[in-house]
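Read off the chains here:
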Amino acid sequence: MTFYHALQIEDDRCIGCSRCMKICPTEAIRISGGKAAIQEHRCIDCGKCYEVCPAQSISIKDDDFEMFRKYPHSVALLPAVFMGQFPDEVSVSQVYATLYELGFAHVMEVESAALIYKEAKEKYAHEHPDVRPFISSFCPAIVRLIQIKYPSLTENIVPIKAPLDLSAMYALEELQSRGVPREEIGLFYVTPCAAKVSAVKAPVGEEKSVIDGVINMNLLFNRVYKRMKENGKNHQYKPLTRQRLSADAILSTLTNGERRICTAKRSYAIDGIENVMDFLDKLENDEVEGVEFLELRACDQSCAGALLSCDNRFLCGERMYSRARKAAERERNGEMARDREMDKYKDYLIEHSLVDEVQPRSMLVLDEDRVKAFEKMEKIEKMKTHLPQIDCGVCGAPTCEAFATDVVCGKAYMEQCVFYRLHLEAKGKMTLHEGRSNMYSVWGDDRISGEIEV
Amino acid sequence: MHQEYTVVEGDFVNAGKASSSVKKTLKQLNVNPQVVKRVVVALYEAEVNAIAHAYGGKVLVDIDADKIRMVVADKGPGIPDIALAMQEGYSTARPEVRDMGFGAGMGLPNMQKNVDKMNVTSEVGVGTTVEMEVNFQ
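1. Considering the overall build of chain B
Piece 1. The number of helices and strands found in chain B is 5 helices and 5 strands.
Piece 2. Listed N to C, the secondary structure of chain B is β-α-α-β-β-α-α-α-β-β in terms of helices and strands.
Piece 3. Expressed as a percentage of the 137 residues in chain B, the buried residues total 39%.
Piece 4. Within chain B, residue pairs in contact and separated by at least 24 positions form 59% of the contacts whose partners lie at least 6 positions apart.

Structure follows, in structure tokens:
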């Protein structure tokens, strides 16, 4: 079985430093032949590796940027955090206008569907009172984390399409109702992170997404910002009126954004993958009582801290708050937010928002056959007593335990452990030459230099 | 496979260490998630009991391919009337323990509910031993 993941390591750039291996929260990375490699069944596309890579060797698989030009009705589906990337003097309408100048026929922020998503989510929760807490499906890295590491909690994930899918469905319906044929419509999601690419390319609980292509947010930011610089200060941007998101929608992608408008009694909003894992460990043990709703996000500061965010997460977050404050002011003055335009499709969207229940696919299972799994586990336990337990990583695995598991599952061999090799060499069971070959097989053959004079 | 853990009196901070470790093992063995949950809930409850009521004790876990056997043995005041202690809502927990959210008198009944076999033996002034078994199938 293969699992899609959007993060890719480019071999010719990777320097095999192993920083990614050490930071990966699901222990999905190993070093072999001097290069890092991702084990796809363990990768949740959280992007910790991307952040820590000193050689920029990790990239996010997106589509060709120019692809949208093939469609007369290209739609740029933006995450609200896109607006948070620009300095204060750049207005939202200037960004919209520039996207039209770049050639997009339509521009829409996916959080336009945030309130419909909220309604669909709460409707599901209401109809399933035995499923508590209900966990938001908003962050795809979290959905995958629960699938592989917390299989007993998959049934708590609300099987509802995320706002980005609902917005895409809305755009499609709206354009088709105006008589535009499907083949002329190109839906392009501008992604702030790797996990959302996977959510589009290999959605959980669905066959296929309606979205036609993905554009990395940092790339689009560069294109837009460059165009603005070329336009110069005195450029007359086409005035636009249809770009008002409600304050609730703008804030929905930030931490507490879903929680603050959720009607559930006791709820928690947790950001940062380590914090989330800490909490889910407790939740799985039934140590947390009476919690009704969980908003869980893989990134610190949620989408303001997304991988492809071009600016500091706090600066980006404050810009979004600033925009939300203005929106709230307008709402108080009776102006209607653009979200409301979507209301005529609300019933249709809610009706079509349900996906299949999220299935567990535990990465921890040693073997489908429990007797075999048990034998493997006994071997691992025994092997662990022979390993140094210092998690040095020289074997090419992040911890001694991960290494023992790899060996028992036939993915590594004992001689990769530098301590074990020294033991064998001391006993005369391995030559220095053989020992060095083993080192090369993990770290490549250019790591050991000549003697050093100090 | 045999695992052992030590439980220290009054150390609520470390409650759940044994159950978390057992949980990980069972996940690796591809045990049904709902069965894992039952084991973990029962063991956690037993750990908290030993921490709250006794002067510490030991958790002994034996896992084989089709079941798990857990023994939580504490040195402590013991339970004078086990049948009474098995009733929901019955609690002898000290007020400071209750203030921490423990001691609602759901411990033993909750453990009973989650396991396939349970046996409690106790001697007043010596200690209590809770033996529990859960089948994986």
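2. Observations concerning unusual backbone geometry
Residues and elements named next belong to chain A.
Piece 1. For the bond from Arg132 to Pro133, the omega torsion is -5°, close enough to zero to count as cis.
Piece 2. Note on placement: Pro133 falls in the loop between α4 (114–127) and β7 (134–135).
Piece 3. A positive phi angle, close to 60°, is found at Asp45, a residue other than glycine.
Piece 4. Residue placement: Asp45 occurs in the loop between β3 (35–38) and α2 (48–52).
Piece 5. Judged by local crowding, Asp45 falls into the buried class, with 26 C-beta atoms found within 10 Å.
Piece 6. One non-glycine residue, Gln56, adopts positive backbone phi at about 45°.
Piece 7. With respect to the helices, strands and loops of the structure, Gln56 is situated in the loop between α2 and β4 (58–60).

3. Describing the sheet that holds strand β8 (residues 185–191) of chain A
Residues and elements named next belong to chain A.
Piece 1. Taken in spatial order, the 4 strands line up as β6-β5-β8-β9 in an open sheet, and their pairing is parallel. Whereas interior strands pair on both sides, the edge strands pair on one side only; in this sheet they are β6 (106–109) and β9 (213–216). Recorded for the sheet is a direction-independent mean angle of 25° between the axes of neighbouring strands.
Piece 2. Bridge analysis of β8 against β9 gives 4 bridges, and the strand direction is parallel. Across the sheet, Tyr189 pairs through a bridge with Val214, a residue of β9.

4. Some words on the sheet that holds strand β1 (residues 2–7) of chain B
Residues and elements named next belong to chain B.
Piece 1. Spatial strand order, β1-β2-β3-β5-β4: 5 strands in an open sheet with antiparallel pairing. Pairing within the sheet leaves two strands with one partner each, and these edge strands are β1 and β4 (117–123). Neighbouring strand axes in the sheet, compared pairwise and without regard to direction, differ in orientation by 10° on average.
Piece 2. Bridge count between β4 and strand β5 (residues 127–135): 7 bridges; the pairing is antiparallel. Residue Ser122 lies in a different strand from β5, and its bridge partner there is Thr128.

5. Thoughts on helix α7 (residues 194–201) of chain A
Piece 1. The buried fraction of α7 of chain A is high, at 7 of 8 residues.
Piece 2. Inspection of α7 of chain A places Ala194, Ala195, Lys196, Val197, Ser198, Ala199 and Val200 of chain A among the buried residues, and these make up the whole buried set.

6. Comments concerning the domain arrangement of chain A
Piece 1. On domain assignment, one finds that chain A holds domain 1 (79–184 + 197–351) and domain 2 (367–454).
Piece 2. Domain 1 of chain A and domain 2 of chain A are separated by 44 Å when their C-alpha centres are compared.

7. With respect to the interface of chain B and chain A
Piece 1. If you look at the interface, chain B gives 20 residues, while chain A gives 21 residues.
Piece 2. Among the secondary structure elements, those contributing two or more residues to the side of chain B that touches chain A are α1 (17–28) and α2 (33–53) of chain B.
Piece 3. Here the side of chain B that touches chain A gets 7 residues from one element, more than from any other, and that element is α2 of chain B.
Piece 4. Of the residues that constitute the side of chain B that touches chain A, the class distribution is 9 nonpolar, 7 polar and 4 charged.

8. Points about the nonpolar core
Piece 1. With 124 residues, the main nonpolar core has Leu77 and Val190 of chain A as its most contacted residues.
Piece 2. Taken domain by domain, the makeup of this core includes at least three residues from each of domain 1 (79–184 + 197–351) and domain 2 (367–454) of chain A.
Piece 3. Ignoring any residue separated from it by four or fewer positions in sequence, one finds Leu77 of chain A in contact with Met108, Val110, Leu164, Ser167, Ala168, Leu187, Phe188, Tyr189 and Val190 of chain A.
Piece 4. Judged by nonpolar contacts, the second largest core, of 37 residues, contains Ala15, Val22, Ala50 and Ile63 of chain B.

9. Remarks on the environment of Asp62 of chain A
Residue and element names in this part refer to chain A.
Piece 1. Relative to the helices and strands, Asp62 resides in the loop between β4 and β5 (73–78).
Piece 2. With 24 C-beta atoms packed within 10 Å, Asp62 lands in the buried category.
Piece 3. Residues Asp62 and Tyr50, 12 residues apart in the sequence, show an inter-C-alpha distance of 15 Å.
Piece 4. Residues in contact with Asp62, not counting those within four places in the same chain, are Val197, Val214, Ile215 and Asn216.

10. Focus: the packing of helix α3 (residues 92–102) of chain A against helix α8 (residues 217–231) of chain A
Residue and element names in this part refer to chain A.
Piece 1. Relative to each other, α3 and α8 sit at 95°, their axes nearing to 10 Å. With respect to α8, the axis of α3 lies roughly perpendicular. From α3, Gln94, Val95, Thr98, Leu99, Glu101 and Leu102 reach across to α8, where they touch Arg223, Val224, Arg227 and Met228.
Piece 2. Per-class residue counts for the contact of α3 with α8 are 5 nonpolar, 2 polar and 3 charged.

Criteria and thresholds
Residues numbered from 1 in each chain as written. Chains lettered and ligands numbered in written order. Predicted model: local features only at pLDDT ≥ 70, side-chain atom pairs only at ≥ 80, totals over all residues. Helix = DSSP H or I, 4+ residues; strand = E, 2+ residues; numbered from the N terminus. Buried ≥ 20, exposed ≤ 12 C-beta atoms within 10 Å, placed from the backbone. Contact = placed C-beta atoms within 7 Å. Pairing = 2+ DSSP bridges. Axes fitted to C-alpha atoms, helices over the stretch in contact; angles between N-to-C directions. Domains from an automatic or database assignment. Nonpolar A, V, L, I, M, F, W, Y, C, P; charged D, E, K, R; others polar. Core = buried A, V, L, I, M, F, W, Y, C linked by C-beta atoms within 7 Å. Parallel < 35°, antiparallel > 145°, perpendicular 65-115°, else oblique.

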